Amino acid sequence: MAEHPDPQEKLRVGHPKKSAVGIPGIAHSVQYALEEMGPKRSLQTLLKLNHVDGFDCPSCAWPDPDPEHRKTAEFCENGAKAVAWEATRKRVDADFFAAHSVASLREESDHWLESNGRLTEPMYLAPGPNRAAFYTSGRASNEAAFVYQLLARRMGTNNLPDCSNMCHESSGAALSQTLGVGKGLVSIDDIAYHADLLVIVGQNPGTNHPRMLTALEEAKKRGARIVAINPLPEAGLVKFRNPQTPRGLVGPGTKLADRYLPVRINGDLALFAAVCKELLAREDAHPGTVLDQSFIDKYCDGFPDVADAWRAIDWETLETQSGLSRSEISDFVSDVEAADKVIVCWAMGLTQHRNAVATIREIVNFLLLRGNVGRPGAGPSPIRGHSNVQGDRTMGIWEKMPDRFLDKLHEEFGFEPPREHGWDTVNTIRALRDGRVDVFFALGGNFVAATSDTEVTKAGMANCALTVHVATKLNRSHLHHGREALILPCLGRTERDVRGGGEQFVTVEDSMSMVHASRGRLLPGSQNLRSEVAIVTELGHRMFGDDIGWRHMSNDYRLIREHISRVVPGFQDYETRVAVPGGFMLPRPPRDSRTFPTASGLARFTVNPPDTVVVPDGHLLLQTVRSHDQFNTTVYGMNDRYRGIHGGRRVVFLNAADLRDRGLSSGDMVDLISVWSDGERRAKGFRTVEYETPRGCAATYFPEANVLVPLDSTAETSNTPTSKSVVIRLERAS
Ligand SMILES: Nc1nc2c(c(=O)[nH]1)N[C@H]1C(S)=C(S)[C@@H](COP(=O)(O)OP(=O)(O)OC[C@H]3O[C@@H](n4cnc5c(=O)[nH]c(N)nc54)[C@H](O)[C@@H]3O)O[C@H]1N2
Ligand SMILES: Nc1nc2c(c(=O)[nH]1)N[C@H]1C(S)=C(S)[C@@H](COP(=O)(O)OP(=O)(O)OC[C@H]3O[C@@H](n4cnc5c(=O)[nH]c(N)nc54)[C@H](O)[C@@H]3O)O[C@H]1N2
Ligand SMILES: [Mo]
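Residues numbered from 1 in each chain as written. Chains lettered and ligands numbered in written order. Predicted model: local features only at pLDDT ≥ 70, side-chain atom pairs only at ≥ 80, totals over all residues. Heavy atoms only, no water.

A closer look at the packing of helix α20 (residues 403–413) against helix α27 (residues 557–567)
Where α20 meets α27, the closest approach of the two axes is 9 Å, and the angle between their N-to-C directions is 130°. On the basis of the axis angle, α20 is oblique to α27. α27 is crossed by α20, and the crossing has right-handed handedness. Along its contact with α20, which presents Phe-405, Lys-408, Leu-409, Glu-412 and Phe-413, the element α27 presents His-563, Arg-566 and Val-567. Partitioned by chemical class, the residues of the contact of α20 with α27 number 4 nonpolar, 1 polar and 3 charged. (Axes fitted to C-alpha atoms, helices over the stretch in contact; angles between N-to-C directions. Helix = DSSP H or I, 4+ residues; strand = E, 2+ residues; numbered from the N terminus. Parallel < 35°, antiparallel > 145°, perpendicular 65-115°, else oblique. Left-handed = near helix turned anticlockwise from the far one by under 90°. Contact = heavy atoms within 4.5 Å. Nonpolar A, V, L, I, M, F, W, Y, C, P; charged D, E, K, R; others polar.)

Pasting the structure below:
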């Protein structure tokens, strides 16, 4: 019985026949056999049907007469049909399945399905490529990242979530929308030797980028000013905890920042709107003295609209949202006015909020106003996290790589890469939760611990048929696994990598777009360890044979770099240029020539109405930060000495007044409860620490606090979990 009407069917209703079978019936069946089998085969089969030296009619179970009584044509009309149907020359083989998707076949009638002919080859339906997800943490080298995205796309999926989705995704989105390039436009020399003013927003370099302090010290020595914008007075920038100094380089008691603005958590959009409004007001008062009007006219669009928007905002909104007074903001604007060249550096304090992309766009507006883009000593500078997180993106680790990259892959390797966008990190967790992932593969990282809504992620992992982790160290993600699980240990950056083609090196790209080589020197931790490149290319070889030279790439990474040089823009002569000590700088058109590869070809001013997270009465806004003794989910020790914490991590930093309001004192034990539209999440047992931070703000460490971050609480556009703005309340621990 056909479930679906036959699309070929043209129903006609005639008179019922009076007699069954007879000559017309036989003639009909012979004609039918001719159609299906051709004349010779028809004769061969129909004459053998139900004969002693022949075969049993595949149609009904009517017994055959004894041998003497059998006729030359011992078959009925339906027997002939059955034979012809089976002995057909038509084939349903691999080509057929290549031409028809299972979903489209499901729509066909039963008649049509069988009428396509005989099944002649075993058919295996593998899980759809989009039921696999390939996660990357930002330590993978360019070579490993390139072959990894190649493997995923060769399989047919763009499901390439990465740690960037939780990190600088918002920066990439804001910068490409406004300047046409999703990367920073500043180099170390700009910071150390050229900028007049360095604005450090939502970043704690003393702990997370200690080598940056050297550049800042250099800048300070030649008289540059430094402004820190942060709800916490971080050590090195703002505060010193004697006797330590961040690098032992500045004298005791020195602090780098000349001005500190204790912004409310998530108050930066309002702050930068206020700064722009004030700059505009000063320009209006003394036309031609504050803004770089010739830069704006020549290189930008959207200025009149955004200027109107700034003029219309009232100061009260800006002060309330930023938590800063008009005079504090005005003093900062004076620093800006006095500086010819301004750099803004930022990190997770800006990117992990609902309005993160808008905030970073407002910073671009701020820089454009005085032509602080596309010249030495000026520009936007997102400070990246993992050593090669930026390089991994350049190599194609992204769930939505543009078509021009996919076209190049096609040209280079001859297969058609999938075009449909894949899952980012949050969407991968949703798919895991809903049982839509069969295979979860991770090239490094600690997905379960690093992502938001820990319990949801853990449970989701168990829905997978297979989880695979390529890793150097055992971590929590390996313990929350699918029905089958693999851990593939790999070489680390420090170790020598010898392959068939000799000793190999890999390459990486830093925050400032410099590409350079990295060579391990230590003997591998074990003979069993293979490089990430070797693991991924071997997998490619096992799955696809040597269709695109997986084994060759595995033995000689130069071949991978050759492919990269043809696929990825800016990598021409890769092998030669990376051989130069220090490597080479990738092109950054806005910086190199004030060329903005946006749709309009101009740098874009954007209107970003100030707003901030609404915190209900009695609640606090919680940010989650790194201690001095950790690298993301890797905890080296239990101290955070710059913040005065020793021997434990379950602490929550609070303003004295917020403690007092709740009848709490420093050292009390509390539970943290986050509130979200779908309910509450609780993290138990945190010790309160009275700390200098604006009222209504709180801070604690990640990854412990990730249980509090709701999966659906993400940044607009970038879909980054809002790890720096979680609405919570406190309850005294029982
Ligand atoms: N030692 C060490 N180094 C690291 C890492 C590590 O874990 N350990 N991690 C690496 C990685 S992956 C990354 S991404 C970087 C992260 O580097 P950072 O971004 O410096 O790391 P976080 O600890 O998240 O610090 C965020 C900073 O932003 C501030 N902040 C929070 N909310 C706001 C806000 O709303 N506005 C403003 N203006 N400031 C805010 C916090 O007080 C804190 O100072 O470091 C990299 N380097
Ligand atoms: N609440 C909250 N959550 C956050 C953040 C936050 O600020 N707050 N920050 C987010 C950010 S910025 C990031 S980048 C993510 C980090 O997310 P991930 O990158 O997934 O996490 P890591 O902790 O860096 O991963 C550490 C693991 O990587 C493996 N590993 C180390 N080196 C290598 C190597 O060379 N090769 C391989 N294959 N494996 C290696 C080790 O097994 C180690 O356990 O976390 C995000 N999560
Ligand atoms: Mo990061």
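Having seen it, we continue.
Topic: the sheet that holds strand β11 (residues 466–471)
With respect to topology, 4 strands assemble into an open sheet ordered β3-β10-β11-β12, the strand pairing being parallel. Where the open sheet ends on each side, the last strands, each with one partner, are β3 (132–136) and β12 (484–489). For this sheet, the mean angle separating the axes of adjacent strands, direction not counted, is 10°. Both β3 and strand β10 (residues 439–443) contribute to a ladder of 5 bridges, which runs parallel. By the bridge assignment for β10, Phe-134 is matched with Phe-441. Against the sheet, helix α7 (residues 142–155) touches β3 and β10, its axis set at about 170° to β3. (Pairing = 2+ DSSP bridges.)

Quick word on helix α8 (residues 169–179)
Burial analysis of α8 places 9 of its 11 residues in the buried class, the great majority of the element. Among the residues of α8, Glu-169, Ser-170, Ser-171, Gly-172, Ala-173, Ala-174, Leu-175, Thr-178 and Leu-179 are the ones counted as buried. Backbone geometry just after α8 places Gly-180 at a positive phi near 85°. (Buried < 20%, exposed > 50% of the residue type's maximum accessible area, 1.4 Å probe, protein only.)

Details of the site of ligand 1
With respect to spatial proximity, 30 residues lie near ligand 1, and among them Asn-230, Glu-234, Asp-268, Gln-630 and Asn-632 are the closest. Side-chain polar atom of Asn-208 to an oxygen atom of ligand 1: 2.9 Å apart, as the coordinates give it. Lys-724 is positioned with one of its side-chain polar atoms (N or O) 2.8 Å from an oxygen atom of ligand 1. Its free accessible area being 920 Å², ligand 1 has 96% of it covered by the protein chains. (Near = heavy atom within 4 Å. Polar contact = N/O pair within 3.5 Å; in protein donor to acceptor, adjacent residues only side chain to side chain. Areas by Shrake-Rupley, 256 points an atom, 1.4 Å probe, with all protein chains shown as cover.)

Observations regarding the layout of surface pockets
Taken as a whole, the second largest pocket holds about 1100 Å³ of empty space. Contributing to the lining of the second largest pocket are 34 residues, with Val-181, Gly-182, Lys-183, Pro-402 and Arg-404 lying nearest its centre. Mapped by element, the contributors of at least two residues to the lining of the second largest pocket are α8, α19 (389–394) and α20. It is α8 that contributes the most residues to the lining of the second largest pocket, 5 residues altogether. (1 Å grid on protein atoms, 1.4 Å probe; cavity = no way out; pocket = protein on both sides within 12 Å on 5 of 7 lines; lining within 4 Å. Points joined across faces, edges and corners; volume = space filled by probe spheres on them.)

Concerning helix α18 (residues 356–369)
Counted at 1.5 Å a residue, the expected span for α18 with its 14 residues is 20 Å, and the 20 Å between its end C-alpha atoms agrees. Within α18, 14 of the 14 residues are buried, leaving the element largely enclosed by the surrounding structure. Among the residues trailing α18, Gly-371 stands out with phi positive, at a value near 65°. (Expected span 1.5 Å × (residues − 1).)

Comments concerning the environment of Phe-146
As for its placement among the helices and strands, Phe-146 is situated in helix α7. Sequence separation of Phe-146 and Ala-358 is 212 residues, and the distance between their C-alpha atoms is 31 Å. Ignoring anything within four residues of it in the chain, the contact list for Phe-146 reads Met-395, Leu-409, Phe-413, Ile-560, His-563, Ile-564, Val-567 and Val-568.

Details of the site of ligand 2
Taken together, 29 residues surround ligand 2, and among them Tyr-135, Ser-137, Ala-450, Glu-532 and Thr-633 come closest. In the model, an oxygen atom of ligand 2 is placed 2.8 Å from a nitrogen or oxygen of the His-386 side chain. Protein contacts shield 96% of the accessible area of ligand 2, which totals 930 Å² for the unbound molecule. Tallied by class, the residues present in the shell around ligand 2 amount to 10 nonpolar, 14 polar and 5 charged.

Examining the packing of aromatic side chains
Scanning the entire structure with this criterion turns up 18 aromatic pairs. A network of ring pairs unites the aromatic residues Phe-96, Phe-97 and Trp-112 as a single cluster. The side chain of Arg-519 reaches across the aromatic face of Phe-505, ending 4.5 Å from its centre. (Phe/Tyr/Trp six-rings, centres within 6.5 Å; stacked < 30°, edge-to-face > 60°. Lys NZ or Arg CZ within 6 Å of the ring centre and 35° of its normal.)

Some thoughts on the pairing of β11
Across the 6 residues of β11, 5 count as buried, placing the element largely inside the fold. Pairing of β10 with β11 involves 5 bridges; the strand directions are parallel. Bridging across to β11, Val-439 finds its partner in Leu-466.

Re the side chain of Asn-204
Checked against the element boundaries, Asn-204 lands in the loop between β4 (197–201) and α10 (205–208). Ignoring anything within four residues of it in the chain, the contact list for Asn-204 reads His-209, Glu-234, Ala-235 and Arg-643.

Looking at the packing of α7 against helix α25 (residues 532–544)
Two numbers describe how α7 lies on α25: the axes approach to 8 Å, and their chain directions differ by 20°. Here α7 is positioned roughly parallel relative to α25, judged by the angle of their axes. In terms of crossing hand, the pair formed by α7 and α25 is left-handed. Here Glu-143, Ala-144, Val-147, Tyr-148, Leu-151, Arg-154 and Met-155 of α7 come into contact with α25, specifically with Glu-532, Val-533, Val-536, Thr-537, Leu-539, Gly-540, Met-543 and Phe-544. For the contact of α7 with α25, a count of residues per class yields 10 nonpolar, 2 polar and 3 charged.

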